[in-house]
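Listed below, chain by chain, are the residues.
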Protein chains: 2
Amino acid sequence: MKLYFSPLACSLATRIAFYEAGADATYVQVDSKTKKTEDGKDFLTINSLGLVPALEIEPGEVLTENAAILQFVAARYPEARLAPDDPSGKMRLQQILSFISTELHRGLFAPLLDKTLHPEVTAYIRKRADSRLSWLERRLAGREFLLDRFSVADGYLYAVLNWALAIGDDLKNWPSIHAYHSSIHQRPNVARAFSEELALYRDELARRIAPAPAWTAAAP
Amino acid sequence: MKLYFSPLACSLATRIAFYEAGADATYVQVDSKTKKTEDGKDFLTINSLGLVPALEIEPGEVLTENAAILQFVAARYPEARLAPDDPSGKMRLQQILSFISTELHRGLFAPLLDKTLHPEVTAYIRKRADSRLSWLERRLAGREFLLDRFSVADGYLYAVLNWALAIGDDLKNWPSIHAYHSSIHQRPNVARAFSEELALYRDELARRIAPAPAWTAAAP
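From a predicted model like this one, the values you see are computed outputs, not experimental measurements.

K.L.:
Looking at this structure, I do not really get the pairing of strand β2 (residues 26–29) of chain A. What am I missing?
P.N.:
Looking down a regular strand, the side chains alternate between one sheet face and the other. Residue and element names in this part refer to chain A. Here strand β1 (residues 2–5) pairs with β2 via four bridges, running parallel. Directly across from Lys 2, in β2, lies its bridge partner Thr 26. Read from β1 through helix α1 (residues 12–21) to β2, the crossover connection turns out right-handed.

Following this line, the structure appears as structure tokens:
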């Protein structure tokens with residue numbers, strides 16, 4: 001399987017799931033600005049929305065949408081127990097994946113990563129933050145994981161909470177969320193995935209700030 | 001089961017699923033502004049996010065998040081065939097539910113329903129509209145349904161596309177989306193659910209415009 005990802009984007013959650021499952025996968029980096037893959041393809045031909053993650057399950061069969069990809073990975077590697085296998089547990093996983101993707105990812109933190117937002121837009125988005133984070137704070141109080149054990153939802157929430165830190169929200173007002181993030185961050189497969197993607201992210205930033213001279217492209 | 005809904009909100013999708021399944025359910029209206037239920041309760045004690053739909057499966061067991069509720073209803077009434085029952089079909093259902101909830105519902109049409117938005121916010125939200133609707137247009141070209149047959153995802157997409165019409169987007173630039181919406185609208189259970197909620201919506205509007213005199217509350 002081939003995972004199209006951008007460093008520290010929400011595709012980090014899929015990498016974490018693969019590492020937790022000990023799964024073989026190929027990782028293809030997508031420049032989130034230019035929408036080019038590292039092997040020079042136009043990513044919009046793979047996902048016309050331009051969004052990572054996109055998972056090529058078989059050549060020509062691409063799955064998009066993080067909530068769907070994470071449930072697919074959990075089902076593909078059942079021995080890793082990355083999702084509940086009873087109907088009630090699956091239902092609660094779907095609920096929490098939907099909450100993360102709509103309320104935290106699309107509705108809150110992904111927009112705030114854009115440093116060029118008009119202040120009115122920032123204010124509009126931040127207006128919902130308290131009710132969403134209060135809900136999450138109560139949910140995580142006294143818990144190590146969102147569900148009974150580590151699941152794909154924890155990888156997703158971790159990836160999204162990283163963005164809170166990236167925009168300067170230190171989460172200190174939300175002690176349970178803060179403790180949860182720190183604890184997930186120390187999980188070996190999570191720490192490995194994060195540090196690898198952080199290095200790739202810094203490389204990408206460096207390339208943008210100081211683009212390689214044109215002549216290097218022609219070098220042997 | 002008890003469905004907390006607001007007229008013409010995305011909870012319409014759950015009502016459609018119940019009607020398609022011929023399921024018994026109780027419907028409890030929530031005023032989307034005051035967050036009071038029709039029987040005078042504070043809806044925030046049922047879902048602290050204040051969002052419909054919320055489905056009380058058993059007394060005290062409440063499920064939230066439309067994507068999760070719709071998959072639950074489909075699984076509860078398998079004979080209605082409101083969701084694929086093979087793993088690949090379920091995966092595609094999850095993908096499309098996630099697309100609708102993140103990109104169309106939370107990311108596009110729900111915000112635009114707010115008529116008090118600052119023009120910068122409206123412009124920011126509308127910026128993504130073309131790529132999302134183009135994707136959907138291609139998806140629906142030559143198709144009657146999102147998947148092989150009617151599914152809970154069609155009820156959800158129908159409910160969200162109603163909002164496009166409500167904000168004055170006539171969808172005429174998107175012929176496949178327009179034809180799809182018209183076709184789903186004519187489905188008997190959909191037409192019934194829509195017309196019932198439209199009547200409730202108009203009643204709610206009328207109450208807001210001309211609130212009942214205080215003395216009526218004390219009338220026998």
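Now, onward.
K.L.:
Where do I start with helix α3 (residues 87–112) of chain A in this structure?
P.N.:
Think of an α-helix as 3.6 residues a turn; residues three or four steps apart then line up on the same face. Residue and element names in this part refer to chain A. When the terminal C-alpha atoms of α3 are compared, their 35 Å separation across 26 residues agrees well with the 38 Å that a helix rising 1.5 Å per residue should span. By the largest-angle criterion, His 105 marks the main kink of α3, which is about 50°. Summarising burial for α3: 23 of the 26 residues are buried, a large majority.

K.L.:
Is there a simple way to think about the sheet that holds strand β3 (residues 54–58) of chain B in this case?
P.N.:
The strands that make up a sheet pair up through hydrogen bonds in the backbone, lying either parallel or antiparallel. Residues and elements named next belong to chain B. Pairing is mixed across the open sheet formed by four strands, whose spatial order is β2-β1-β3-β4. Of all strands in the sheet, those bounded by a partner on one side alone are β2 (26–29) and β4 (61–64). Between one strand axis and the next, the sheet turns through 25° on average, direction left out of account. Examined bridge by bridge, β3 and β4 share four bridges and lie antiparallel to one another. Within the sheet, the bridge partner assigned to Ala 54 lies in β4 and is Thr 64.

K.L.:
When you look at the relation of the copies chain A and chain B in this model, what are you seeing that I'm missing?
P.N.:
Two copies of a chain can be linked by a rotation about an axis combined with a shift along that same axis. Expressed as a screw operation, the relation of chain A to chain B combines 0.0 Å of axial shift with a rotation of 180°, fitting to an RMSD of 0.0 Å. Viewed as a symmetry operation, the transformation between the two copies matches a two-fold axis. The share of interface residues of chain A whose copies in chain B are also at the interface is 100%, consistent with both copies meeting through the same surface.

K.L.:
Please clarify how the side chain of Ser 101 of chain A should be interpreted in this entry.
P.N.:
All names here are of chain A. Along the chain, the position of Ser 101 falls in helix α3. For Ser 101, a relative accessible area of 4% translates into the label buried. Side-chain polar atoms of Ser 101 contact the backbone oxygen of Ser 98, separated by 3.2 Å.

K.L.:
Help me understand the interface of chain A and chain B, please; the structure alone is not making it clear to me.
P.N.:
Many authors give the size of an interface as the accessible area that is lost as the parts come together. Contacts between the two partners involve 37 residues from chain A and, on the opposite side, 37 residues from chain B. Together, the buried faces of chain A and chain B total about 3,200 Å²; carbon and sulfur atoms form 56% of this surface. Taken together, the connections running from chain A to chain B amount to four salt bridges. Put simply, Glu 103 of chain B and Arg 106 of chain A hold a salt bridge, and the shortest N to O gap is 3.0 Å. Taken together, chain A and chain B are joined by 14 residue pairs in polar contact (both at pLDDT 80 or more). Going through the elements one at a time, β4 (61–64), α2 (66–76), α3, α4 (119–126) and α5 (129–140) of chain A are the ones with two or more residues in the side of chain A that touches chain B.

K.L.:
Would you mind going over a nonpolar patch on the surface with me for this structure?
P.N.:
A surface patch of nonpolar side chains, about 300 Å² in accessible area, is lined by Tyr 201, Leu 205 and Ile 209 of chain A. You can see Leu 205 of chain A is positioned in helix α8 (residues 188–209).

K.L.:
Looking at this structure, how should I read the environment of Asn 66 of chain B?
P.N.:
Residue and element names in this part refer to chain B. Tracing the backbone shows Asn 66 in helix α2 (residues 66–76). On the basis of relative accessible area, Asn 66 is assigned to the buried category, the value being 5%. Separated by 32 residues in sequence, Asn 66 and Ser 98 have C-alpha atoms that sit 9.8 Å apart. Not counting residues within four places of it along the chain, the set of residues in contact with Asn 66 comprises Cys 10, Ala 13, Thr 14, Pro 53 and Tyr 156.

K.L.:
What's the story with unusual backbone geometry in this structure? I'm lost.
P.N.:
All names here are of chain A. Of note, the bond from Val 52 into Pro 53 is cis; its omega dihedral lies within 30 degrees of zero at -5°. Considering the arrangement of structural elements, one finds Pro 53 in the loop between β2 and β3 (54–58). Phi is positive for Lys 35, close to 60°, though the residue is something other than glycine. Position of Lys 35 relative to the elements: it lies in the loop between β2 and β3. Looking at Lys 35, the relative accessible area reads 23%, which means it is partly exposed.

What counts, and at which threshold
- Residues numbered from 1 in each chain as written.
- Chains lettered and ligands numbered in written order.
- Predicted model: local features only at pLDDT ≥ 70, side-chain atom pairs only at ≥ 80, totals over all residues.
- Heavy atoms only, no water.
- Pairing = 2+ DSSP bridges.
- Helix = DSSP H or I, 4+ residues; strand = E, 2+ residues; numbered from the N terminus.
- Right-handed = clockwise from strand over helix to strand, strands pointing away.
- Expected span 1.5 Å × (residues − 1).
- Bend = angle between axes of the 7 residues up to and from the residue.
- Buried < 20%, exposed > 50% of the residue type's maximum accessible area, 1.4 Å probe, protein only.
- Axes fitted to C-alpha atoms, helices over the stretch in contact; angles between N-to-C directions.
- Least-squares fit on C-alpha atoms with pLDDT ≥ 70 in both.
- Contact = heavy atoms within 4.5 Å.
- Polar contact = N/O pair within 3.5 Å; in protein donor to acceptor, adjacent residues only side chain to side chain.
- Buried area = accessible area lost by both parts, 1.4 Å probe.
- Salt bridge = Lys/Arg side-chain N within 4 Å of Asp/Glu carboxyl O.
- Patch = residues over 30% accessible without salt bridge, like charges linked within 9 Å, V, L, I, M, F, W, Y side chains within 5 Å.
- Areas by Shrake-Rupley, 256 points an atom, 1.4 Å probe, with all protein chains shown as cover.

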